[in-house]
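Report on the structure
What follows is each chain in one-letter form.
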Amino acid sequence: FALSKSRHEGELAHAVAILDSLVANGYEHQADCLYGSAVAYYLLGEYARSRAIAEMILRSRGGRHDLASQLHTASIVSKEQRDRKQAAAALGGTVAVAAIGVACLLGGRKR
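Residues numbered from 1 in each chain as written. Predicted model: local features only at pLDDT ≥ 70, side-chain atom pairs only at ≥ 80, totals over all residues. Heavy atoms only, no water.

1. As for the overall build of the chain
On a plain count of helices and strands, the chain comes out with four helices and zero strands. For the chain, the sequential pattern of α-helices and β-strands runs α-α-α-α. Out of the 111 residues in the chain, the part that is buried amounts to 26%. If you sum the accessible surface of the chain, you get close to 7,600 Å²; carbon and sulfur atoms cover 57% of it. (Helix = DSSP H or I, 4+ residues; strand = E, 2+ residues; numbered from the N terminus. Buried < 20%, exposed > 50% of the residue type's maximum accessible area, 1.4 Å probe, protein only. Areas by Shrake-Rupley, 256 points an atom, 1.4 Å probe, with all protein chains shown as cover.)

2. Topic: helix α1 (residues 9–24)
In a regular helix each residue adds 1.5 Å, so 16 residues correspond to 22 Å; α1 covers 22 Å between its end C-alpha atoms and thus fits that length. All buried positions along α1 are accounted for by L12, A15, V16 and L19. Viewed end-on, α1 has its buried residues packed into an arc of 100°, placing them on one side of the element. For α1, exposure combined with an orientation more than 90 degrees from the buried face picks out G10 and A24. Those residues of α1 that are buried are in contact with α2 (30–43). (Expected span 1.5 Å × (residues − 1). Arc of directions from axis to C-beta. Contact = heavy atoms within 4.5 Å.)

3. Details of the packing of α2 against helix α3 (residues 47–60)
Two elements in contact, α2 and α3, have axes separated by 7 Å at closest approach and are oriented at 160°. Between α2 and α3, the angle is such that the two are roughly antiparallel. Between α2 and α3 lies a crossing of left-handed hand. Between α2 and α3, the contacting residues are A31, L34, Y35, S37, A38, Y41 and Y42 on the first element and Y47, R49, S50, I53, A54, M56 and I57 on the second. (Axes fitted to C-alpha atoms, helices over the stretch in contact; angles between N-to-C directions. Parallel < 35°, antiparallel > 145°, perpendicular 65-115°, else oblique. Left-handed = near helix turned anticlockwise from the far one by under 90°.)

4. Points about the packing of α1 against α2
At a minimum axis distance of 9 Å, the contact between α1 and α2 shows a crossing angle of 155°. Viewed along their axes, α1 and α2 adopt a mutual orientation that is roughly antiparallel. In this structure, α1 crosses over α2, and the sense of that crossing is left-handed. Seen from α1, the contacting residues are L12, V16, L19, D20, L22 and V23; seen from α2, they are Q30, C33, L34, G36, S37, A40, Y41 and L43. Looking at side-chain class alone, the contact of α1 with α2 contains ten nonpolar, three polar and one charged residues. (Nonpolar A, V, L, I, M, F, W, Y, C, P; charged D, E, K, R; others polar.)

5. Quick look at α3
With 14 residues, α3 extends 20 Å between its outermost C-alpha atoms, agreeing within 8% with the 20 Å of an ideal straight helix rising 1.5 Å per residue. Listed as buried for α3 are Y47, S50, I53, A54, I57 and L58. Buried residues along α3 cover an arc of 140° about the axis, so they all sit on one side. For α3, exposure combined with an orientation more than 90 degrees from the buried face picks out R59 and S60. Note on α3: the residue one or two positions beyond its end, G62, has a positive phi of about 65°.

As structure tokens, then:
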């Protein structure tokens, strides 16, 4: 479970593989394994997968799993923030290209 909190992508991927294998083999503490996988996916920036696993835990526990609930919310918020940043970057790039185009047009008229 400790690997699922690593800062290294390789260790996080390894944690997911181990935890998923435990779940597949019927390990007694499946919710804990699923939570560890969800944390690893969150740290990898795979917010949709993290959210899906957190939802699975919450459904299996009747909505009563504080950590999964918090991770579910964090996954939604982090994905929204990343999407906003990507949209802003795309808009910024489009504006820059348009500005260059206008500058070229105006520069060509001075001749």
